[in-house]
Amino acid sequence: MTASPLSAWTDRLAALAPVLNVAESPFRSQLTVRVSDPDAIAAMGSALGVRFPSAACTFTSGAGRFGDVEVLWLGPDEFLVVAAPDLQITIEEVLRGALGTVRGSVVDTSAQRTTVVLQGPRVRDVLAHGCSVDLHPASAPVGTCVQTLLARTGIILQVNGDDRFTVLVRSSFAEYLAAWLGDACSEYLAVA
């Protein structure tokens, strides 16, 4: 089996626990969907068992036909469907079937990114060190997702709770992000 992008960082990331709990969820199924037709979007949501978001920069989640699934609205006609590992082929077939003859695309991008879950009372403070997005709960409430930079690394950031965020980062930048998280947590570790 292939090692996850952050498998060598497990101990170093665990050492951040007084400030931030960091957990990698590697190999998740990820499908980029490009479609603008509202009827096709509704049909894809029905086929998936999880409706697509109705507002930009938000995500929906639920226990759909394929277990826990998230659908992120990333751009005017761009969505990302995220599910458990090894479901990408089946989900791709279902979404393509729901798309039918409508102009659009469904592409498996699972190998592109790894998923990192950050949790803790200081998570917003740590992220603020390298992210220009306003992460105050009034500006980034639960259910928000944005494509942005974190420490000069392109990411997708999801707000899952007041103290819980999900970062989807390109696999090739995962170790850089892990090192940056260690550095960003260092001032809080010194006083913990």
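Everything here concerns the structure above.
The residue numbering used here restarts from 1 in each chain and proceeds along that chain's sequence as written. In view of the model being predicted, local features appear only for residues whose pLDDT reaches at least 70, and side-chain atom pairs are presented and counted only at 80 or more, with totals across whole chains, interfaces and linings using the full set of residues. Side-chain descriptors were evaluated using all non-hydrogen atoms of the structure, hydrogens and water having been removed beforehand.

1. A closer look at the side chain of Thr-153
Thinking step 1. Looking at the element boundaries, Thr-153 is found in strand β9 (residues 153-161).
Thinking step 2. Each residue is placed in one exposure class: buried if its accessible area under a 1.4 Å probe, protein chains only, is under 20% of its type's maximum, exposed if it is over 50%, and partly exposed if it falls in between. Of the residues examined, Thr-153 reaches a relative accessible area of 1% and is grouped as buried. To qualify as a helix, a DSSP run of H or I must reach at least 4 residues; to qualify as a strand, a run of E must reach at least 2; elements of each kind are numbered from the N terminus.

2. Quick word on the environment of Thr-114
Thinking step 1. Positionally, Thr-114 belongs in strand β7 (residues 113-119).
Thinking step 2. In this structure, the C-alpha to C-alpha distance between Thr-114 and Val-81, residues 33 residues apart in sequence, is 14 Å.
Thinking step 3. Beyond its immediate sequence surroundings of up to four residues, Thr-114 is in contact with Pro-5, Glu-24, Ser-25, Pro-26, Val-167, Leu-168, Val-169, Ser-171 and Ala-174. What makes two residues a contact is simply this: any of their non-hydrogen atoms within 4.5 Å.

3. Concerning the pattern of salt bridges
Thinking step 1. Each reported salt bridge corresponds to a side-chain nitrogen of Lys or Arg within 4 Å of a carboxyl oxygen of Asp or Glu. In total, this model carries 3 salt bridges according to the counting rule given.
Thinking step 2. One salt bridge connects Glu-92 with Arg-96, and the closest N-O pair in it is separated by 2.9 Å. Taken together, the residues Glu-92 and Arg-96, both in helix α3 (residues 88-99) and 4 residues apart, mark about one turn of the helix.
Thinking step 3. For Glu-92, a relative accessible area of 18% gives the class buried.

4. A word on the packing of helix α2 (residues 38-48) against α3
Thinking step 1. Here an axis means a line fitted to C-alpha atoms, over the contact stretch when the element is a helix, while the angle between two N-to-C directions is reported on a 0 to 180 degree scale. Packing of α2 against α3 brings their axes to within 8 Å, and their N-to-C directions diverge by 145°. Both α2 and α3 take part in a crossing whose hand is right-handed. Residues Ala-40, Ala-43, Met-44, Ala-47 and Leu-48 of α2 form the contact with α3, whose participating residues are Ile-91, Val-94, Leu-95, Ala-98 and Leu-99.
Thinking step 2. Residues that form the contact of α2 with α3 fall into these classes: 10 nonpolar, no polar and no charged. Left-handed describes a crossing whose near helix is turned anticlockwise from the far helix through less than a right angle; right-handed describes the clockwise counterpart. When residues are sorted by character, Ala, Val, Leu, Ile, Met, Phe, Trp, Tyr, Cys and Pro go into the nonpolar class, Asp, Glu, Lys and Arg into the charged class, and all the rest, Gly among them, into the polar class.

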